[in-house]
Amino acid sequence: MDDVDRIINQLKQQHKKLSDSVLEAVSKEIERNAKRNFRQEIENISGDNPYVDVTRTISNGEATIECGGEQVLFAEFGAGTNNLYYMNGLGLDMLSTRSFQYIDGEPTEIAPRPEGIVPLGEYGKKHGRDDFWFRPTYNQRTGSKEALKIKRNGDIDTRYVWTKGTRPIRALWRARNVAIKKLIEGRLDIK
């Protein structure tokens with residue numbers, strides 16, 4: 001029986017080591033890709049401070065990826081219903097197949113929204129339902145497709161930015177999906 005117990009203990013140790021290695025590799029891949037995804041979209045994120053911090057912690061066999069920043073929820077989930085579509089030569093078409101697809105002819109969000117994250121255009125005063133709105137600014141930063149407000153007399157009002165919001169970037173969601181796909185396909189570097 002001693003040999004059987006020894007083999008069982010060895011298998012348990014190997015299993016624990018492999019589990020820890022997979023957790024490390026998957027969480028590191030998610031963290032790296034989420035950082036890259038947010039960083040690549042800085043110019044498209046509305047707001048005075050568009051930067052998103054991504055950190056990873058591992059404890060007790062669980063990994064946590066945290067994304068923080070003033071605009072992180074607007075960057076990940078979007079703001080403004082006009083960010084669903086863009087114009088092409090034939091009419092309206094989907095802006096991003098990353099998180100939307102057509103179901104029964106209607107654009108449908110396929111990327112899950114956690115509880116408490118409302119659909120595009122429904123946050124706060126619901127300005128996101130409008131074609132555009134003005135957001136306050138303290139540093140006059142404008143993202144792509146934004147401009148400082150122009151008063152009726154032609155002067156620039158540096159207190160407000162004309163915006164259509166931010167399209168859903170889904171940086172963390174996409175990073176998670178890429179890591180899982182690499183794991184399944186055997187392309188993830190597990191040490």
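Conventions we followed
- Residues numbered from 1 in each chain as written.
- Predicted model: local features only at pLDDT ≥ 70, side-chain atom pairs only at ≥ 80, totals over all residues.
- Heavy atoms only, no water.
- Helix = DSSP H or I, 4+ residues; strand = E, 2+ residues; numbered from the N terminus.
- Expected span 1.5 Å × (residues − 1).
- Buried < 20%, exposed > 50% of the residue type's maximum accessible area, 1.4 Å probe, protein only.
- Contact = heavy atoms within 4.5 Å.
- Pairing = 2+ DSSP bridges.
- Axes fitted to C-alpha atoms, helices over the stretch in contact; angles between N-to-C directions.
- Parallel < 35°, antiparallel > 145°, perpendicular 65-115°, else oblique.
- Left-handed = near helix turned anticlockwise from the far one by under 90°.
- Nonpolar A, V, L, I, M, F, W, Y, C, P; charged D, E, K, R; others polar.
- Salt bridge = Lys/Arg side-chain N within 4 Å of Asp/Glu carboxyl O.
- Core = buried A, V, L, I, M, F, W, Y, C linked by side-chain atoms within 4.5 Å.
- Patch = residues over 30% accessible without salt bridge, like charges linked within 9 Å, V, L, I, M, F, W, Y side chains within 5 Å.
- Areas by Shrake-Rupley, 256 points an atom, 1.4 Å probe, with all protein chains shown as cover.

## Focus on helix α3 (residues 171–185)
Under the 1.5 Å per step criterion, the end-to-end length of α3 is 21 Å for 15 residues, consistent within 8% with the ideal 21 Å. Among all positions of α3, only A171, W173, R174, A175, A179 and K182 are buried. Where α3 is buried, its residues contact α1 (2–40) and α2 (72–77).

## A word on the pairing of strand β9 (residues 156–163)
Strand direction decides the pairing type here: strand β7 (residues 133–136) and β9, joined by four bridges, are antiparallel. The residue of β9 that forms the bridge with P136 is Y160. Alignment of strand β8 (residues 147–150) against β9, held across four bridges, turns out to be antiparallel. Counted as the bridge partner of I150 is I156 from β9. Hairpin connection, β8 to β9: the antiparallel pair is bridged by five residues, and G154 has positive phi, about 95 degrees.

## Side note on the packing of α1 against α3
It is at 8 Å that the axes of α1 and α3 come closest, and there the two elements cross at 140 degrees. Taken together, the axes of α1 and α3 lie oblique to each other. The way α1 lies across α3 gives a crossing that is right-handed. Between α1 and α3, the contacting residues are V22, V26, E29, I30, R32, N33, A34, N37 and F38 on the first element and A171, L172, R174, A175, R176, V178, A179, K182 and L183 on the second. Its residues placed into classes, the contact of α1 with α3 shows eleven nonpolar, two polar and five charged.

## Let's talk about the pattern of salt bridges
Under the definition given, this model contains twelve salt bridges. One salt bridge connects R56 with E24, and the closest N-O pair in it is separated by 3.2 Å. Of this pair, R56 sits in strand β1 (residues 53–59) while E24 sits in helix α1, placing them 32 residues apart in sequence. For E24, a relative accessible area of 34% puts it in the partly exposed group. Here the salt bridges share partners, and the residues they tie into one network are E24, E31, K35 and R56.

## Remarks on the nonpolar core
Counting residues in each nonpolar core, the largest one holds 15 residues, and the members touching the most others are V26, I30, F38, V52, V54, A75 and I169. Mapped by element, the contributors of at least two residues to this core are α1, α2 and α3. Counting residues per element, this core draws most heavily on α1, which supplies five residues.

## Re a nonpolar patch on the surface
On the surface, a nonpolar cluster with roughly 240 Å² of combined accessible area is contributed by L18, L183 and I190. Relative to the helices and strands, L183 is located in helix α3.

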